[in-house]
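Each chain is listed here by its residues.
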Amino acid sequence: MNKSAEAFRTIGEVAEELNIPKHVLRFWEGRFPQIRPMKRGGGRRYYRPEDMELLRGIRALLHAEGYTIRGVQKILREHGVDQVKAAAKRTPRTQTAAEAASSTKRKRGRKPLANANQNTLPSQSAQSAVIGEDGRDSSSTYILAAIRELQIARTILLGQPINPVSVASEPKKARAGRT
């Protein structure tokens with residue numbers, strides 16, 4: 001069912017259109033006070049067209065351009081809502097949930113690091129970014145994650161138990177026993 005551009009949308013319709021879960025929309029409402037859906041009896045949310053534009057912009061900044069939540073909050077605080085709404089127009093159209101489900105079916109198990117049609121690292125502009133005033137992720141984050149993955153793989157291959165906090169690069173000191 002296609003609605004007009006001026007129609008209010010339920011949280012389910014918004015989630016399907018933006019291809020994000022409903023709980024993420026609720027989370028974003030807490031993080032971004034600029035998102036204010038109209039609430040009816042029983043707490044049912046109805047998103048206005050202005051809310052939809054803002055949500056598309058937030059999604060574009062977070063998912064496509066690599067900003068963190070704090071980075072998007074800073075943009076909203078310093079440059080306003082219009083700057084975030086403009087981000088949605090810079091990025092290509094997002095897939096609907098039905099398109100995403102039909103195009104990529106994943107078996108149970110570990111999530112893939114990247115889709116087959118994407119590079120494993122972000123674009124060159126995101127690689128050269130450093131965490132700073134703009135709030136973008138640093139390429140060192142990806143390098144540290146890769147190192148962590150390699151340490152886990154090494155631990156598994158050596159048959160050692162995996163320490164979830166950090167893989168021990170040096171042996172632990174023996175505890176002093178009681179006398």
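These numbers come from a predicted model, not from an experiment.

Definitions and limits used
- Residues numbered from 1 in each chain as written.
- Predicted model: local features only at pLDDT ≥ 70, side-chain atom pairs only at ≥ 80, totals over all residues.
- Heavy atoms only, no water.
- Helix = DSSP H or I, 4+ residues; strand = E, 2+ residues; numbered from the N terminus.
- Buried < 20%, exposed > 50% of the residue type's maximum accessible area, 1.4 Å probe, protein only.
- Contact = heavy atoms within 4.5 Å.
- Pairing = 2+ DSSP bridges.
- Expected span 1.5 Å × (residues − 1).
- Polar contact = N/O pair within 3.5 Å; in protein donor to acceptor, adjacent residues only side chain to side chain.
- Axes fitted to C-alpha atoms, helices over the stretch in contact; angles between N-to-C directions.
- Parallel < 35°, antiparallel > 145°, perpendicular 65-115°, else oblique.
- Nonpolar A, V, L, I, M, F, W, Y, C, P; charged D, E, K, R; others polar.
- Core = buried A, V, L, I, M, F, W, Y, C linked by side-chain atoms within 4.5 Å.

K.L.:
Just to check I follow, could you spell out the overall build of the chain for this structure?
P.N.:
Counting its secondary structure elements, the chain contains eight helices and three strands. What you see in the chain, going N to C, is helices and strands ordered as β-α-α-β-β-α-α-α-α-α-α. A total of 179 residues make up the chain; the buried ones form 26% of that total. Sequence-distant contacts, at least 24 apart, represent 51% of the contacts inside the chain between residues at least 6 apart.

K.L.:
Is there a simple way to think about the sheet that holds strand E3 (residues 45–47) in this case?
P.N.:
Backbone-to-backbone hydrogen bonds pair the strands of a sheet. The strands run either parallel or antiparallel. Taken together, the three strands give an open sheet; going across it, the order is E1-E3-E2, and neighbouring strands pair in antiparallel fashion. Both outer strands of the open sheet, strand E1 (9–10) and strand E2 (38–39), are each paired with one neighbouring strand and no more. Looking at chain direction, E2 and E3 are connected through two bridges and run antiparallel. Residue pairing in the sheet places Met38 in a bridge with Tyr46 of E3.

K.L.:
Explanation requested: helix H3 (residues 49–64) in the structure shown.
P.N.:
It helps to recall that an α-helix has 3.6 residues per turn; residues three or four apart then point in one direction. With 16 residues, H3 extends 21 Å from end C-alpha to end C-alpha; this agrees with the ideal 22 Å at 1.5 Å per step. Positive backbone phi, at 80°, marks Gly66, one or two positions downstream of H3.

K.L.:
Help me understand unusual backbone geometry in this model?
P.N.:
Negative phi characterises most residues that are not glycine, and trans characterises most peptide bonds. Of note, the phi angle at Asn19 is positive, near 60°, even though the residue is not glycine. When its relative accessible area of 29% is taken as the criterion, Asn19 is described as partly exposed.

K.L.:
I tried to follow the environment of Arg44 on my own but got confused; where do I start?
P.N.:
Of note, Arg44 is situated in the loop between E2 and E3. Each C-alpha atom of the pair Arg44 and Ile11 lies 8.2 Å from the other, and the pair is 33 residues apart in sequence. Sequence-distant contacts of Arg44, that is, excluding residues within four places in its chain, are made with Thr10, Met38 and Lys39. For Arg44, the side chain forms a polar contact with the side chain of Tyr46, separated by 3.1 Å.

K.L.:
Help me understand the packing of helix H4 (residues 69–79) against helix H5 (residues 81–90), please; the structure alone is not making it clear to me.
P.N.:
In a packed pair of helices, the relevant descriptors are the angle between the two axes and the axis-to-axis distance. At a minimum axis separation of 6 Å, H4 and H5 run at an interaxial angle of 125°. When the axes of H4 and H5 are compared, the pair comes out oblique. Residues Ile75, Leu76 and His79 of H4 form the contact with H5, whose participating residues are Val81, Gln83 and Val84. Each residue belonging to the contact of H4 with H5 can be placed in one class, and the counts come to four nonpolar, two polar and no charged.

K.L.:
Whenever I open this one, the nonpolar core confuses me. Can you help?
P.N.:
Looking at soluble globular proteins, one finds that nonpolar side chains tend to be buried together. Of all hydrophobic cores here, the largest spans 23 residues; its most connected members are Leu25, Trp28, Ile35, Tyr47, Leu55, Ile58 and Val72. For this core, the elements supplying multiple residues, two or more each, are helix H1 (11–18), helix H2 (22–31), H3, H4 and H5. Among the elements that line this core, the one with the most residues is H3, at six residues. When near neighbours in sequence (up to four residues on either side) are disregarded, Tyr47 contacts Ala7, Phe8, Arg9, Thr10, Ile11, Val14, Leu25, Glu29, Ile35, Pro37, Met52 and Leu55.

These values are about where atoms sit, not about what they do.
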